[in-house]
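Residues per chain are reported as follows:
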Amino acid sequence: MSLHKAARVWNPCQNLLSKVKENKYAIVILNTPIESSFNPALIVGLWKQAKVRVTVDGGTERWLTWLKMNESEFKNIPHPDLITGDMDSIPQDILNHYKGISATTIISTPDQDETDFFKSLIELQNHCSSNNIKLDTIYVLADTSGRLDQVMANINTLYKMRNIMSDIDIFLVASSSISWLLDTGSHEIILPQNLIKSGSWCALLPVGAPSIVTSSGLKWNLNEDTLEFGALVSSSNTYDGTCPINIKTSSPLIWSMSIESLL
C-alpha cells in the first residue's frame with residue numbers, strides 16, 4: 001500500500017494535561033450537552049488559554065449555562081471570539097447580549113447543506129487567516145449523548161476537513177474519550193504512560209472505506225489486516241504497554257480512545 005514516508009505524530013493529551021499549555025490551539029463548543037462528568041478544570045483551562053474560542057449556535061447557551069453552574073469556582077472567563085451557526089437554536093436574548101460585546105464576532109452561516117460544525121471550522125479558518133493566527137490543534141467539545149446521527153455527522157466533518165485543514169490536528173473531546181481521523185499513511189500516537197498501562201479501551205474504525213492496517217503497541221495488533229464494516233472492526237482494543245502506538249493505514253480511519261483514567 002502507498003503510504004506517506006514520514007509518520008504524522010499525534011499527542012492528543014498534551015494540552016489536556018499540561019498546566020502550561022501550548023497556546024497554538026482553538027476550542028470549539030458544539031450544540032451538544034456539556035456533561036456533568038466533564039472535568040471542569042480541564043475544560044476551563046482549555047478555554048482560557050486557547051488562541052481562539054468558538055461557540056456554535058446553541059452551544060453558546062450550553063456553555064453559558066454550564067459556566068453559571070460552576071460560577072463559584074470559575075470567574076472572569078473570556079468571551080467567545082466567534083459565535084457561528086444558522087442561529088436556529090440560540091436564544092435571541094443571548095444573541096443580543098453578545099452583539100453588544102466588541103470582543104465577540106457573530107457570523108451567521110445559514111447553508112443547510114452543511115452542518116454547523118463544518119461551517120464553524122471554515123469560519124475559524126477564515127478568522128485565523130484574517131488575523132494572522134497560526135493554529136496547530138483544534139479541540140472540539142462534542143459529547144453527543146446517544147445521538148448516533150450527530151456522531152456520524154461529526155465523523156463526516158472530520159473526513160471532509162482532512163483536505164481543508166490537513167496541517168491541523170482536530171480532536172473530538174467527549175466526557176471520557178477523545179477521537180480523531182488518521183488519514184492515509186503512517187501515524188505515531190504518543191500517550192501518557194499511566195494511560196498506556198491503565199488497560200483502557202481504544203479502537204480503529206474504518207468508516208469511509210476498507211482499510212489495510214498494520215499496528216504496533218496494541219494488545220491485538222494488525223498486520224496488513226483489512227478493516228471494514230461487514231468484516232473486521234478493531235473495537236474494544238487496548239494497549240500492550242509500549243509507546244508510542246504506530247499505525248499504518250491505506251485509507252482514512254477513526255481512532256477513538258478512553259481518557260477516563262486521566263481525568
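Preceding this paragraph is the structure being described.
These figures come from a predicted structure and were not determined experimentally.

### Some thoughts on the packing of aromatic side chains
Point 1. One pass over the structure, following the stated rule, counts eight aromatic pairs.
Point 2. Taking the centre distance of 5.7 Å and the plane angle of 35° together, the rings of Trp10 and Trp180 count as tilted. Highlighted residues: Trp10 in strand β1 (residues 8-10) and Trp180 in strand β8 (residues 177-182), separated in sequence by 170 residues. Like Trp180, Trp10 is buried.
Point 3. Seen in terms of ring centroids, Trp47 and Trp63 are 4.5 Å apart; in terms of plane orientation they differ by 35°. Their pairing is tilted. On the criterion of sequence distance, the pair formed by Trp47 in helix α2 (residues 40-49) and Trp63 in helix α3 (residues 59-69) is long-range, its members being 16 residues apart.
Point 4. Its guanidinium or amino end placed over the ring of Phe118, Lys160 lies 4.5 Å from that ring's centre, counting from NZ or CZ.

### Let's talk about the sheet that holds strand β13 (residues 234-237)
Point 1. Strand order in the open sheet formed by ten strands is β5-β4-β3-β2-β6-β7-β8-β15-β10-β13, with mixed pairing between adjacent strands. Of all the strands in the sheet, just β5 (105-108) and β13 have a single pairing partner and so form its edges. Ignoring strand direction, the axes of neighbouring strands in this sheet form an average angle of 20°.
Point 2. As paired strands, strand β2 (residues 25-29) and strand β3 (residues 52-56) are joined by four bridges and run parallel to one another. Pairing of Val28 across the sheet is with Val54, part of β3.
Point 3. On the sheet, α3 packs against β2, β3 and β4 (82-85) and is oriented at approximately 110° with respect to β3.

Parameters at a glance
Residues numbered from 1 in each chain as written. Predicted model: local features only at pLDDT ≥ 70, side-chain atom pairs only at ≥ 80, totals over all residues. Heavy atoms only, no water. Phe/Tyr/Trp six-rings, centres within 6.5 Å; stacked < 30°, edge-to-face > 60°. Helix = DSSP H or I, 4+ residues; strand = E, 2+ residues; numbered from the N terminus. Buried < 20%, exposed > 50% of the residue type's maximum accessible area, 1.4 Å probe, protein only. Lys NZ or Arg CZ within 6 Å of the ring centre and 35° of its normal. Pairing = 2+ DSSP bridges. Axes fitted to C-alpha atoms, helices over the stretch in contact; angles between N-to-C directions. Contact = heavy atoms within 4.5 Å.

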